[in-house]
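Coordinate analysis (summary)
The primary structure of each chain is shown beneath.
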Amino acid sequence: MQKLNDLSRSLTALEPDGTLIAVIEMSLSSWLVAGIVPGIERQPLKKLAVDESALLKLLHRWREEAEKAGRRIERIAVAFEAGRDGFWLARWLKARGIEAYVIHASSVAVSREHRRAKTDRLDTELLKRSFLGWLRGERDHCKMVEIPTMKDEDAKRPNREHDSLIGERSRIVNRMKAALVRLGIRGFNPKLKRASTRLDGLRTPEGEPIPPNALAELRRDMERRRLVNNQIRQIEEERLKRIEQAPCDGPHVMVRLLARVMGVGIETADMLVHEVLSRNMRDRRAVARYAGLTGSPDESGRKRREKGLARSGNVRVRRGMIQLAWRFLLHQKNSALTKWFRSRTENARGTRKPMIVALARKLLIALWRLVREGVVPDGVVLRPA
């Protein structure tokens, strides 16, 4: 069984005299590297160009300085905040025998002053304190992000591209409808197959045809929508082809199992598997927290109130699960989860929207148990295998 990793603290004992610690403040044009070198009283700070080889040379030079001071370096630990650069640097450093960690940016506590000084140098000092506390095994200094493999990252791309293309298609359609409404033309559906051939016959309320510039714009938008539709179709066909070619592959087995649940389509199943269910989660609380389906209580003295969703997790999973929860009520009317939802909302006004979030959380945990342990939720109907 795969060992669960608690990313809120380090599970390896820290030996200060044998560990070289470095943090990197990354930007588009340069890297600022701050270190804690055993045996060296000063804490070095070096600005580098965006060059991983120069970073490796700097770490080796600091190790040589520590060894000259009589400290034998057994461990080099490097950390940086998650951001635009992704995880490639962490994978590159790990391949060269250096411990690399990616810090969840929102987990680092910062000053709550109205106007606080913020520079790259101050940020590296803050990262050093947080990373050092994490290495000591103390909780709540910061949290690390799990570093995915290149294969895991690439597996997410089709679903994310599909989601982006769906949004682009909706924007194109809305833009075409808005252009027609400005001319007073209503009731025309630009999504129809023969919509482009009907444009010349449209007339404004004044009896005039569509002006030439607006007509050219509409034709370009229709052509763009046709291209987006073809790309969406290609992604969906390639996904099905991959599942057919390797049906026993780990993620594909999960996708096929989820797709058997009535109300869950192949697109939703693929998104859930690659975004959350294939991750090595510690327990059900971690699953709900990753999806951002947990609350944010505000309690102080006698004050007790709930501020709503934390919104700190994966937005794709959260949005997809809330949409799936509404569909689940339609397709799984005899399931225990649906009956639980109905019993708490049928006689209470204004509770459906808050309770649908609770249902989405329970449903996500139930699906996680389904793909991990094979436990089918009570009353849930499955399609034939």
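Description of the structure in this document.

The rules we used
Residues numbered from 1 in each chain as written. Predicted model: local features only at pLDDT ≥ 70, side-chain atom pairs only at ≥ 80, totals over all residues. Heavy atoms only, no water. Pairing = 2+ DSSP bridges. Helix = DSSP H or I, 4+ residues; strand = E, 2+ residues; numbered from the N terminus. Phe/Tyr/Trp six-rings, centres within 6.5 Å; stacked < 30°, edge-to-face > 60°. Buried < 20%, exposed > 50% of the residue type's maximum accessible area, 1.4 Å probe, protein only. Lys NZ or Arg CZ within 6 Å of the ring centre and 35° of its normal. 1 Å grid on protein atoms, 1.4 Å probe; cavity = no way out; pocket = protein on both sides within 12 Å on 5 of 7 lines; lining within 4 Å. Points joined across faces, edges and corners; volume = space filled by probe spheres on them. Nonpolar A, V, L, I, M, F, W, Y, C, P; charged D, E, K, R; others polar.

1. Overview of the pairing of strand β7 (residues 295–300)
Pairing of β7 with strand β8 (residues 303–309), which is carried by 5 bridges, proceeds in the antiparallel orientation. Within β8, the residue paired with G295 across the bridge is L309. Hairpin connection from β7 to β8: 2 residues lie between these consecutive antiparallel strands, with G301 at a positive phi of about 65°.

2. Details of the packing of aromatic side chains
Tallying each qualifying case throughout the model produces 4 aromatic pairs. Ring plane angle 40° and centroid distance 6.3 Å describe the contact between W31 and W88, whose orientation is recorded as tilted. Here W31, found in strand β2 (residues 30–36), pairs with W88, found in helix α2 (residues 88–94); they are 57 residues apart in sequence, far enough to count as distant. Taking the centre distance of 5.9 Å and the plane angle of 55° together, the rings of Y101 and F131 count as tilted. With Y101 in strand β5 (residues 99–103) and F131 in helix α3 (residues 120–135), this residue pair connects regions lying 30 residues apart in the sequence. With respect to burial, Y101 and F131 carry one shared label: buried. Over the face of the ring belonging to W340 we find K362, whose NZ or CZ atom lies 4.9 Å from the ring centre.

3. Observations regarding the layout of surface pockets
Which parts of space are left empty comes out when a probe the size of a water molecule is rolled across the atoms. Roughly 640 Å³ of volume is contained in the second largest pocket. Per-element accounting of the lining of the second largest pocket gives the leading share, 6 residues, to helix α4 (residues 150–182). In terms of residue class, the lining of the second largest pocket is made up of 6 nonpolar, 6 polar and 12 charged.

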